Amino acid sequence: MTDCSTEGITRAVVALHDTIQAHHEELTTLDRAIGDGDHGANLVRGFAAVAERLSEGEQPTPGAALKVVATTLISTVGGASGPLFGTAFLRAATSLGTAETVTARQIADALEAAAAGVVARGKAELGDKTMIDAFQPALEAARDAAGSGADIAGVLDAAATAAEQGAAATAPLQARKGRASYLGERSVGHVDPGAQSTAYLLRSLATSAAS
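Residues numbered from 1 in each chain as written. Predicted model: local features only at pLDDT ≥ 70, side-chain atom pairs only at ≥ 80, totals over all residues. Heavy atoms only, no water.

> Honestly, the pattern of salt bridges in this entry has me stumped. Any pointers?
Side-chain pairing between opposite charges can occur once the charged atoms of the two side chains come close. The tally for this structure, following the rule as stated, stands at seven salt bridges. The partner of D128 in a salt bridge is R176, and the shortest N-O contact between them spans 2.7 Å. Of the two residues, D128 sits in the loop between α5 (104-122) and α6 (132-147) while R176 sits in the loop between α7 (152-168) and α8 (193-210), which places them 48 residues apart along the sequence. When its relative accessible area of 51% is taken as the criterion, R176 is described as exposed. (Salt bridge = Lys/Arg side-chain N within 4 Å of Asp/Glu carboxyl O. Helix = DSSP H or I, 4+ residues; strand = E, 2+ residues; numbered from the N terminus. Buried < 20%, exposed > 50% of the residue type's maximum accessible area, 1.4 Å probe, protein only.)

> Would you mind going over the packing of aromatic side chains with me for this structure?
Evaluated as defined, the whole model comprises one aromatic pair. Relative to F89, the ring of F47 lies with its centre 6.4 Å away and its plane at 70°, an arrangement referred to as edge-to-face. Linking F47 in helix α2 (residues 39-55) with F89 in helix α4 (residues 81-96), this pair joins segments that are 42 residues apart in sequence. This pair shows no difference in class: F47 is buried, exactly as F89 is. (Phe/Tyr/Trp six-rings, centres within 6.5 Å; stacked < 30°, edge-to-face > 60°.)

> Looking at this structure, I do not really get the confidence of the model for the protein chain. What am I missing?
Residues shown with low pLDDT carry predicted positions that ought not to be read at fine detail. Overall, the predicted model of the protein chain reaches an average pLDDT of 93, with 99% of residues at or above 70. When pLDDT is averaged over each helix and strand of the protein chain, the minimum, 79, is found for strand β1 (residues 3-5) and the maximum, 97, for α7. (pLDDT = per-residue confidence, 0-100.)

> Can you walk me through the environment of A33 in this structure?
By the secondary structure assignment, A33 is in helix α1 (residues 6-34). Filtering out sequence-adjacent residues up to four positions away, A33 remains in contact with L183 and H190. (Contact = heavy atoms within 4.5 Å.)

> Would you mind showing me how to read α5 here?
The periodicity of an α-helix, 3.6 residues per turn, causes residues three or four positions apart to be oriented the same way. The end-to-end C-alpha separation of α5 is 27 Å, in line with the 27 Å expected for 19 residues at 1.5 Å each. Among the residues making up α5, those that are buried are A104, I107, A108, A110, L111, A113, A114, A115, G117 and V118. In this structure, the buried residues of α5 make contact with α1, α4, β2 (101-103), α6, α7 and α8. Following α5 by one or two positions, K123 has its phi on the positive side, about 55°. (Expected span 1.5 Å × (residues − 1).)

> Quick question: what am I supposed to make of unusual backbone geometry here?
Leaving glycine out, the prevailing phi sign among residues is negative, and the prevailing peptide bond configuration is trans. Residues other than glycine seldom take positive phi values, yet K123 does so here, at roughly 55°. With respect to the secondary-structure elements, K123 resides in the loop between α5 and α6. Looking at K123, the relative accessible area reads 58%, which means it is exposed. Non-glycine residue K129 carries a positive phi angle of around 70°.

Quick look at the structure:
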């Protein structure tokens, strides 16, 4: 796939609800260990609302569809997840602008903008044991893949693989941000739920792009 229309973007985003639904108990278990235990439930509620909103009518551009995702997550997902994921989708929407179709390069640029938004909102850095530990390697892999001429599916597959590795690598880290940081050394040994959900979302987008 060399470019993607609004319909394709919308279909991929709606599929995120199924992905989160399939993994929400695992995400909740991860969050119960080092957070407040509602990460999975919050994301299920948010992406269910996203699917409902997008089913109400076609959006004019891919960027407009992602803006609907952003505003819906911000208004329906509690805790830190709503503002962080909402900001990520909003920055991605802004990056895509009014383009009617998007290319692999634009997808990589949108991922970079999304990650920058999460950093700006959460003030986290690589190694803090947050979703940035999945986002940062993902955007770097996406950028490299796009630079090598990969198509959209290839760019997203590279991003998802890097995010999965980044999420797994949070397990031995001691949290330095968020509620998990209150646990100090007791946060070691647990995968960060935000990094894991980021990896699941990117894998879902990659699967949709390849289908």
